[in-house]
Amino acid sequence: ISHRIQSIREINLVRKVNTRRYRMSASSVRVDLDGNPIKPLTICMIGAGGFIGSHLCEKLMSETQHTVLAVDVYNDKIKHLLEPDSLPWAGRIQFHRLNIKNDSRLEGLIKCSDLTVNLAAICTPADYNTRPLDTIYSNFIDALPVVKYCSENNKRLIHFSTCEVYGKTIGSFLPQDSPLRQDPAYYILKEDTSPCIFGSIEKQRWSYACAKQLIERLIYAEGAENGLEFTIVRPFNWIGPRMDFIPGIDGPSEGVPRVLACFSNNLLRREPLKLVDGGESQRTFVYIKDAIEAVHLMIENPARANGHIFNVGNPNNEVTVRQLAEMMTEVYAKVSGEDSIETPTIDVSSKEFYGEGYDDSDKRIPDMTIINKQLGWDPKTSLWDLLESTLTYQHRTYAEAVRQSIAKPLAN
Ligand SMILES: NC(=O)c1ccc[n+]([C@@H]2O[C@H](COP(=O)([O-])OP(=O)(O)OC[C@H]3O[C@@H](n4cnc5c(N)ncnc54)[C@H](O)[C@@H]3O)[C@@H](O)[C@H]2O)c1
Ligand SMILES: O=C(O)[C@H]1O[C@H](OP(=O)(O)OP(=O)(O)OC[C@H]2O[C@@H](n3ccc(=O)[nH]c3=O)[C@H](O)[C@@H]2O)[C@H](O)[C@@H](O)[C@@H]1O
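Residues numbered from 1 in each chain as written. Chains lettered and ligands numbered in written order. Predicted model: local features only at pLDDT ≥ 70, side-chain atom pairs only at ≥ 80, totals over all residues. Heavy atoms only, no water.

Participant: Quick question: what am I supposed to make of the packing of aromatic side chains here?
Facilitator: Geometrically, a pair of aromatic rings is defined through the distance of the ring centres and the angle of the planes. Summed over the entire model, instances satisfying the criterion amount to 7 aromatic pairs. Between Phe 160 and Trp 238, the ring centres sit 5.8 Å apart and the planes meet at 85°, which makes this aromatic pair edge-to-face. Of this pair, Phe 160 sits in strand E5 (residues 156-160) while Trp 238 sits in strand E8 (residues 238-239); the two residues are 78 residues apart in sequence, bridging distant segments of the chain. When the centroid spacing of 6.0 Å and the interplanar angle of 45° are considered together, the rings of Tyr 166 and Phe 236 count as tilted. Here the residue Tyr 166 occupies a position in the loop between E5 and strand E6 (188-189), and Phe 236 occupies one in the loop between strand E7 (230-235) and E8, the gap between them amounting to 70 residues. Taken together, the aromatic side chains of Phe 353, Tyr 354 and Tyr 358 make up a single cluster linked through ring pairs. A cation sits over an aromatic face here: Lys 363 above Tyr 187, 4.7 Å from the ring centre. (Phe/Tyr/Trp six-rings, centres within 6.5 Å; stacked < 30°, edge-to-face > 60°. Helix = DSSP H or I, 4+ residues; strand = E, 2+ residues; numbered from the N terminus. Lys NZ or Arg CZ within 6 Å of the ring centre and 35° of its normal.)

And the structure:
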C-alpha cells in the first residue's frame, strides 16, 4: 500500500508541475482542430515500451506538454526518453514496470490520468496458432480490467484493435475469374459496413482477430450502455524503426517476428527472403510516423474521436508480399551498398513456417472516409520512401552486430 501511495504522490507532483508550466507558457498554447486551446493531459499508456508506444511517447514528449505514465514490462525501446534527467521533457514521462495481468497498481494509474491508451497485446502471427491461449488471454481477458476501470472512473479510453478483425475479404470467396473481384465493394474494408470473416476454429490463426473483435464489442457496449468515452484504432500494417526484433540479436534466435523484421533479418544475414505460400497475400503498409500523427489527432480532439472506430492505414501502398520482398531487396542494396544475393527469395509452405492452424488475410485496403472526415488525416509517405528510411535504420542498428554473431561460431 505504501508503495502505491508513494507512486500516486509522485504522479500528482508531476501533474502539478506540468499544470504550472502550461499556465506559464499560455502565450504559445496549441489549439485543436476546432480552435480550442489544448490543455496538458496525463496519459496512462499501457504497452508504451513496444513499437507503436515508443513512437507515440517520442511524439508526445517532443511536440506536446502532455505527461505520460508509461506502463510496460520492458522499457528498452523508450530508454532514450527516460534518461538522462537533463532531457527537455524530464518529469513529463514516468516508467512503471508492471504486468497488467496481475498488478493492483493499474487502477490507481488509470484513476490519476485523464486518458488511457491501451497498446498491450500479443500481436505476432507466429504466436496466434502456436500460443492461442496466451493470445486470447492477452487480447481479451487482460484488456477487461482496463476497460472496466475506465468505465467505472469515467476516464476516456483509446484502445488498439487491429485490421485483422475484418479477416478475409468477401471477394476471396468468389471464383478466381469472377469480375466481381475487381469491384471495390468486395474488398475495401469499411469500419461501419464490412463484415468480420474468419476461418474455422481449427485455423487458430483467428484466435487473435476473434479476441480483438470481442473486446471491441465490449468497449462499444460500455459506450452505449454506460457512457464510456472511447476510440478504437484499427492499424493496417504500421511499419518502421524499432518494430519487433532481429532474431539472435535483440530477440530469441528461434523467434518469428512480423514480416518487416523477418525480411530485414534475411537481408542483414544475406540469406533468401522466405515467401509464405508463394507470397501472394496483399497488404497496405503505412509509415509509423504518419500513423502516429493520426493517434496524436485522436488524443487532442476527443469531441471528434470519441465513439468512433478508425481504420489507420495507407491505401496507396498496396503490394503482394512477393513485391514487398523484391522492393526491400532493392532498397537494402541501395542503403547498404551491398549487391543482393543470387537467389533473393525462396518459397516456404505456411505449415513449415508457422505450423498447423495458420491461415491468412488475403487483401487489406482500408477505407479512409471516416478518419478523413473526423480528423482530416491522410497518410503521406510512399512505400519506397518508408522502406528507405526504415532499412537505413535497420542497417545502421544491426549490420555490425549480425556480422559479429555470424563470425563468432567460426572464431570458437
Ligand atoms: N504494429 C502494427 O501495425 C499493428 C497492427 C495492428 C494492431 N496493432 C495493435 O497495436 C498494439 C501495439 O502493437 P505494437 O506493434 O506496438 O506491438 P509491440 O509488441 O511492439 O507492443 C506491445 C507492448 O505491450 C507490452 N505488453 C504486452 N502484454 C503486457 C502486459 N500484460 N503488461 C504490460 N505490458 C504488456 C509488451 O511488452 C510490448 O512492449 C497491439 O494491441 C496490437 O495488437 C499493431
Ligand atoms: O500489422 C498489422 O496490421 C496486423 O497484421 C499482422 O498480421 P500480418 O500482416 O499477417 O503479419 P506479418 O507478419 O506482417 O505478415 C504479412 C504477410 O507476410 C507473410 N510473411 C511473413 C514473414 C515472412 O518471413 N514471410 C512471409 O511471406 C505472412 O504470411 C503474411 O502473409 C499482425 O497480426 C498484427 O501485428 C497486426 O494486427
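Participant: Help me out: how do you make sense of the site of ligand 1 in this one?
Facilitator: Contacts to ligand 1 come from 25 residues, most closely from Phe 51, Asp 72, Asn 99, Tyr 208 and Trp 238. One of the backbone nitrogen or oxygen atoms of Leu 119 is found 3.1 Å away from an oxygen atom of ligand 1. Lys 212 is positioned with one of its side-chain polar atoms (N or O) 2.9 Å from an oxygen atom of ligand 1. If ligand 1 stood free it would expose 820 Å²; the protein chains cover 89% of that surface. Mapped onto the shell around ligand 1, the elements with two or more residues apiece are helix H2 (51-63) and helix H8 (206-226). Along the lines of polarity and charge, the residues of the shell around ligand 1 split into 15 nonpolar, 7 polar and 3 charged. (Near = heavy atom within 4 Å. Polar contact = N/O pair within 3.5 Å; in protein donor to acceptor, adjacent residues only side chain to side chain. Areas by Shrake-Rupley, 256 points an atom, 1.4 Å probe, with all protein chains shown as cover. Nonpolar A, V, L, I, M, F, W, Y, C, P; charged D, E, K, R; others polar.)

Participant: Sorry if this is basic, but what is going on with the nonpolar core here?
Facilitator: Buried together is how nonpolar side chains tend to be arranged in soluble globular proteins. Judged by nonpolar contacts, the single largest core of 65 residues is most densely connected at Trp 238, Met 298 and Val 312. Beyond its immediate sequence surroundings of up to four residues, Trp 238 is in contact with Phe 51, Ile 52, Phe 160, Val 233, Met 243, Val 286, Ile 288, Ala 291, Val 295 and Val 312. The next biggest cluster of nonpolar side chains, apart from the first, holds 23 residues, and it includes Cys 44, Val 71, Ile 110 and Cys 150. (Core = buried A, V, L, I, M, F, W, Y, C linked by side-chain atoms within 4.5 Å. Buried < 20%, exposed > 50% of the residue type's maximum accessible area, 1.4 Å probe, protein only. Contact = heavy atoms within 4.5 Å.)

Participant: Help me out: how do you make sense of the pattern of salt bridges in this one?
Facilitator: In a structure, side chains of opposite charge can pair up when their charged atoms sit close to one another. Under the criterion given, the structure shown has 24 salt bridges. In this structure, Arg 234 and Glu 216 form a salt bridge, with 2.7 Å as the shortest nitrogen-oxygen distance. Of this pair, Arg 234 sits in strand E7 while Glu 216 sits in helix H8; the two residues are 18 residues apart in sequence, bridging distant segments of the chain. Note on Arg 234: relative accessible area 6%, which makes it buried. In the salt-bridge network here, residues are joined through shared partners; they are Glu 164, Arg 205, Arg 283, Asp 360 and Arg 364. (Salt bridge = Lys/Arg side-chain N within 4 Å of Asp/Glu carboxyl O.)

Participant: Is there a simple way to explain the site of ligand 2 in this structure?
Facilitator: Contacts to ligand 2 come from 26 residues, most closely from Tyr 128, Thr 162, Glu 164, Asn 237 and Asp 360. In this structure, an oxygen atom belonging to ligand 2 sits 2.5 Å away from a main-chain N or O atom of Asn 237. Arg 258 has a polar side-chain atom sitting 2.8 Å from an oxygen atom of ligand 2. Here ligand 2 loses 97% of its free accessible area of 700 Å² to cover by the protein chains. Broken down by secondary-structure element, the contributors of at least two residues to the shell around ligand 2 are helix H5 (125-128), helix H9 (259-268), strand E9 (273-276) and helix H13 (350-354). Looking at the shell around ligand 2, its residues break down into 16 nonpolar, 3 polar and 7 charged.

Participant: How should the packing of helix H7 (residues 144-152) against H8 be read in this particular structure?
Facilitator: Axis angle and axis distance: for two packed helices, these are the angle between their axes and the distance between the axes, and together they describe the pair. Taken N-terminus to C-terminus, the directions of H7 and H8 make an angle of 15°; their axes are 11 Å apart at the nearest point. Regarding the angle of H7 to H8, the classification is roughly parallel. Considering only the axes of H7 and H8, their crossing is right-handed. Between H7, through Leu 144, Val 147 and Ser 151, and H8, the contact on the second element is made entirely by Ile 215, Leu 218, Ile 219, Glu 222 and Asn 226. In terms of residue class, the contact of H7 with H8 is built from 5 nonpolar, 2 polar and 1 charged. (Axes fitted to C-alpha atoms, helices over the stretch in contact; angles between N-to-C directions. Parallel < 35°, antiparallel > 145°, perpendicular 65-115°, else oblique. Left-handed = near helix turned anticlockwise from the far one by under 90°.)

Participant: Hey, could you run me through the packing of H9 against helix H12 (residues 321-336) in this one?
Facilitator: Where H9 contacts H12, the two axes come as close as 11 Å, and the packing angle between them is 45°. By the angle class used here, H9 and H12 are oblique. When you trace H9 past H12, the crossing you get is right-handed. Contacts between H9 and H12 involve Val 259, Leu 260, Phe 263, Ser 264, Leu 267 and Leu 268 on the former and, on the latter, Val 321, Leu 324, Ala 325, Met 328, Thr 329 and Tyr 332. Tallied by class, the residues present in the contact of H9 with H12 amount to 10 nonpolar, 2 polar and no charged.

Participant: Where do I start with the side chain of Thr 169 in this structure?
Facilitator: Structurally, the position occupied by Thr 169 is in the loop between E5 and E6. Owing to a relative accessible area of 3%, Thr 169 belongs among the buried residues under this scheme. Thr 169 has contacts with Tyr 186, Tyr 187, Ile 197, Asp 362 and Lys 363, leaving out every residue within four places of it along the chain.

Participant: Even after reading the chapter, I still don't get helix H6 (residues 132-139), so can you show me in this structure?
Facilitator: Every α-helix winds through 3.6 residues per turn, so residues three or four apart in the chain are directed the same way. Of all the positions in H6, only Pro 132, Thr 135, Ser 138 and Asn 139 are classed as buried. Across the axial projection of H6, the buried residues extend over an arc of 135°, all falling on one side. Contact partners of the buried residues in H6: H5 and H8. (Arc of directions from axis to C-beta.)

Participant: Just to check I follow, could you spell out unusual backbone geometry for this structure?
Facilitator: If a residue is not glycine, its phi is most likely negative; likewise, a peptide bond is most likely trans. Residues Glu 83 and Pro 84 are joined by a peptide bond in cis, for which omega reads -5°. Within the secondary structure, Pro 84 sits in the loop between helix H3 (79-82) and strand E3 (93-97). Although it is not a glycine, Arg 242 adopts a positive phi angle of roughly 70°. Here Arg 242 shows up in the loop between E8 and H9.

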